[in-house]
Amino acid sequence: MTTTTFPRALVLRVRPWLGIAAIAAASISTYMSLLWAPPDAMQGDVYRIMYVHVPSAWLAYLAFIVVFLASVGWLWTRQRWFDAVAVASAEIGVLFTALALVAGSIWAKPTWGVWWTWEPRLVTTAVMFVMYVGYLLLRNLSTDFVRRASRAAVLGIVLVVDVPVVHLSVLWMNSLHQLPTVLRASGGPSLDSSMLATLLVSVAAFTLIYAYLLAARVGIELRRHERIGALRDG
Amino acid sequence: MIRRLGLVAGRELLAERRQPDGLVAAVTFIALLVLLESLVVGPVSARQPAVAGALFWIALAFAAILAATRSFDRELEDDALDAIIALPGGRDALFAGKVLALTAVLAIVGAVGGVLSLVLLDLEVALAGHLLLVTALGVLALPTVVVLDVVLALRLRARAALVPILALPVLIPQLVAATQGSASALSGDATGSLGWSALLLAFAFVYAVLGFTIVPAAIE
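Only a predicted model underlies this, so the values are computations on that prediction, with no experimental measurement involved.

*Asks:* Mind showing me how you'd approach the overall build of chain A here?
*Replies:* Helix and strand content of chain A: seven helices and zero strands. The burial tally for chain A puts 41% of its 234 residues in the buried class. Look at the contacts in chain A between residues 6 or more apart in sequence, and 79% of them connect residues 24 or more apart.

And the structure:
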């Protein structure tokens, strides 16, 4: 059986530091988002939800790309910690996709006048959410570890095709949603510098929160593997 | 490899010819869905090119899931799956053979469903060649994803519910492209139908490469 002691020890060592860094960054980000950044000339203070919505959407992309990489890692090496990373990242990705959808919906009501509209970015994001809920469902219905990990890895690789579709949907189809303002093919960011700085700090804070949650969840999963292994060995 | 793939696909089609329960179920299913959906939305709405296309492609996607599930059920009932997997290169041959056989079955189901839609809804086809092209590419784009998801859900409890949950979201781009492509061909927009055909071809290629590269690893 593959040992899980080394990755779990590493996770336990870095987790507290990630937690401290995440709390510090989240505090700075909250101050900048609510007090430091100026109101938008058109939307007033409503736009501030962007500092939750955009980092959540970014984390959803990041989390599902990590699922893809961990899935490739599992199929390639059969190291158990790759599977632990995949399940942890998928769960966090689903959580942040839901948060991005809810935050977007709260912003849409005063701006567009509706909670939901059938525009490409919203629909493809909702589809991505459903896909990864299906991924977690597939994992939960399988009891044998190797079978579950292999099937989930195949699905984790297949589903990543949707990530660029979500990001580029606003460019490919007629969309009500705002076009990309930071990651633009046609040059640099198109935001005011103080808003951009606040957004980047928020993205960094959310990324640290993701890293902390990932370390915590991977630790739990590896501990579960060790317990099952110990029970099997008598 | 090609020989083994041909054997699996040929065996599948032979079994379907001797006992065509999967094919009959899929044809009956698509006919029923086309009738039911047209009745529910009303004949005036159902005759609109985009609506008629959507009804047909959604029905075909469900028929594909039904036919693929039935095909693997037959293997499980006969305990034939383990024997195929035990052969050298058996996993690859099983996946590719099933995809090939499902494509052939879907071509028949699609032809029946398409003719039914055209006749019952009295649709006028502006660009028949383009409609054939879109239909052929749509039939090519569906099976890889459907067989992939049936393989992933194989021998799991709640499989009947899991396969559509896994397959339908992944099929959304293909269904949108096939629906819009069909609507363009029906209404005489040659550029539109060719554009959507290219997208169908791209998705068929991407999922074929992904499927043939990684899915055999998930077959036990």
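The discussion continues.
*Asks:* It is not clear to me how the overall build of chain B should be interpreted in this structure. Could you clarify?
*Replies:* When its secondary structure is counted, chain B shows nine helices and zero strands. Starting at the N terminus and ending at the C terminus, chain B contains elements arranged as α-α-α-α-α-α-α-α-α. For 220 residues, the compact-globule estimate of 2.2 N^0.38 gives 17 Å, and chain B sits close to it at 17 Å. Overall size of chain B, expressed as C-alpha extent along the three principal axes, is 55 × 30 × 30 Å. For chain B, long-range pairs separated by at least 24 residues make up 81% of all intrachain contacts whose partners lie at least 6 apart in sequence.

*Asks:* Help me understand the nonpolar core, please; the structure alone is not making it clear to me.
*Replies:* The nonpolar side chains of soluble globular proteins are, as a tendency, buried together. Counting 133 residues, the largest nonpolar core has A:Ala63, A:Ala86, B:Leu60, B:Ala64, B:Leu102, B:Leu142 and B:Val146 as its most contacted members. In terms of residue count, helix 2 (residues 50–77) of chain A provides more of this core than any other element does, 16 residues in total. Apart from the residues within four sequence positions on either side, A:Ala86 is in contact with A:Val67, A:Ala70, A:Ser71, A:Trp74, A:Ala152, A:Ala153 and A:Gly156.

*Asks:* Would you explain the environment of B:Thr103 in this entry?
*Replies:* Residues and elements named next belong to chain B. Summarising the element assignment, Thr 103 is placed in helix 6 (residues 90–120). Using a count of 19 C-beta atoms within 10 Å as the deciding quantity, one classes Thr 103 as partly exposed. Along the primary structure Thr 103 and Leu 142 are separated by 39 residues, whereas in three dimensions their C-alpha atoms are 8.1 Å apart. What Thr 103 contacts, discounting residues up to four positions off in sequence, is Val 139, Leu 140 and Pro 143.

*Asks:* Just checking my understanding: could you explain the packing of helix 2 of chain A against helix 3 (residues 80–112) of chain A for this structure?
*Replies:* Residues and elements named next belong to chain A. Viewed as axis vectors pointing N to C, helix 2 and helix 3 meet at an angle of 160°, and their least axial separation amounts to 7 Å. Between helix 2 and helix 3, the interaxial angle falls into the category roughly antiparallel. As helix 2 packs across helix 3, the resulting crossing turns out to be left-handed. Split by residue class, the contact of helix 2 with helix 3 holds 20 nonpolar, nine polar and one charged.

*Asks:* So what exactly am I meant to see when it comes to the environment of A:Phe145 here?
*Replies:* All names here are of chain A. By secondary structure assignment, the location of Phe 145 is in helix 5 (residues 145–159). The class for Phe 145 is partly exposed, based on 13 C-beta atoms found within 10 Å. Considering only alpha carbons, one finds Phe 145 and Ile 20, 125 residues apart in sequence, at a separation of 34 Å.

*Asks:* Just checking my understanding: could you explain unusual backbone geometry for this structure?
*Replies:* A negative phi holds for most residues other than glycine; trans holds for most peptide bonds. Non-glycine residue A:Arg78 carries a positive phi angle of around 60°. The topology assignment puts A:Arg78 in the loop between helix 2 and helix 3. A count of 14 C-beta atoms within 10 Å places A:Arg78 in the partly exposed class. Phi is positive for B:Asp122, close to 50°, though the residue is something other than glycine. Relative to the helices and strands, B:Asp122 is located in the loop between helix 6 and helix 7 (128–152). We classify B:Asp122 as exposed; it has 9 C-beta atoms within 10 Å.

*Asks:* What is the right way to look at the interface of chain A and chain B in this model?
*Replies:* Accessible area lost upon the coming together of the parts is a frequently used measure of interface size. With 18 residues of chain A at the contact, the number on the chain B side is 19 residues. Mapped by element, the contributors of at least two residues to the side of chain A that touches chain B are helix 4 (120–141) and helix 5 of chain A. Residues that form the side of chain A that touches chain B fall into these classes: 13 nonpolar, three polar and two charged.

*Asks:* I tried to follow helix 1 (residues 2–18) of chain B on my own but got confused; where do I start?
*Replies:* An α-helical turn contains 3.6 residues, so any two residues separated by three or four positions project in the same direction. Residues and elements named next belong to chain B. Here helix 1 contains 17 residues, and its C-alpha end-to-end distance of 24 Å stays within 8% of the 24 Å for a straight helix at 1.5 Å per residue. Listed as buried for helix 1 are Val 8, Ala 9, Glu 12 and Glu 16. Each buried residue of helix 1 sits inside an arc of 90° when the element is viewed along its axis, so together they form one side. Across helix 1 from its buried face, at more than 90 degrees, point the exposed residues Arg 3, Leu 14, Arg 17 and Arg 18. Residues of helix 1 that are buried in the fold lie against helix 2 (21–41), helix 4 (49–77), helix 5 (81–86) and helix 6.

*Asks:* Where do I start with the confidence of the model for chain B in this structure?
*Replies:* Any region with low pLDDT has predicted coordinates that should not be read closely. Scored by pLDDT, chain B comes out at a mean of 86, with 99% of its residues at no less than 70. Scoring of the predicted complex yields 0.83 for pTM and 0.79 for ipTM.

*Asks:* Quick question: what am I supposed to make of the packing of helix 2 of chain A against helix 7 (residues 193–233) of chain A here?
*Replies:* Angle between the axes and distance between the axes: these two values describe a pair of packed helices. All names here are of chain A. Remark: helix 2 packs on helix 7, axes separated minimally by 9 Å, with the N-to-C direction vectors making an angle of 45°. Judged by the inter-axis angle, helix 2 sits oblique to helix 7. Relative to helix 7, helix 2 is oriented so that their crossing is right-handed. Residue-level inspection shows Met 50, Tyr 51, Val 54, Pro 55, Ser 56, Trp 58, Leu 59, Leu 62 and Ala 63 of helix 2 in contact with helix 7, the latter providing Thr 198, Leu 199, Ser 202, Val 203, Phe 206, Thr 207 and Tyr 210. Per-class residue counts for the contact of helix 2 with helix 7 are 12 nonpolar, four polar and no charged.

What counts as what
- Residues numbered from 1 in each chain as written.
- Chains lettered and ligands numbered in written order.
- Predicted model: local features only at pLDDT ≥ 70, side-chain atom pairs only at ≥ 80, totals over all residues.
- Helix = DSSP H or I, 4+ residues; strand = E, 2+ residues; numbered from the N terminus.
- Buried ≥ 20, exposed ≤ 12 C-beta atoms within 10 Å, placed from the backbone.
- Contact = placed C-beta atoms within 7 Å.
- Rg over C-alpha atoms; globule rule 2.2 N^0.38 Å.
- Core = buried A, V, L, I, M, F, W, Y, C linked by C-beta atoms within 7 Å.
- Axes fitted to C-alpha atoms, helices over the stretch in contact; angles between N-to-C directions.
- Parallel < 35°, antiparallel > 145°, perpendicular 65-115°, else oblique.
- Left-handed = near helix turned anticlockwise from the far one by under 90°.
- Nonpolar A, V, L, I, M, F, W, Y, C, P; charged D, E, K, R; others polar.
- Expected span 1.5 Å × (residues − 1).
- Arc of directions from axis to C-beta.
- pLDDT = per-residue confidence, 0-100.

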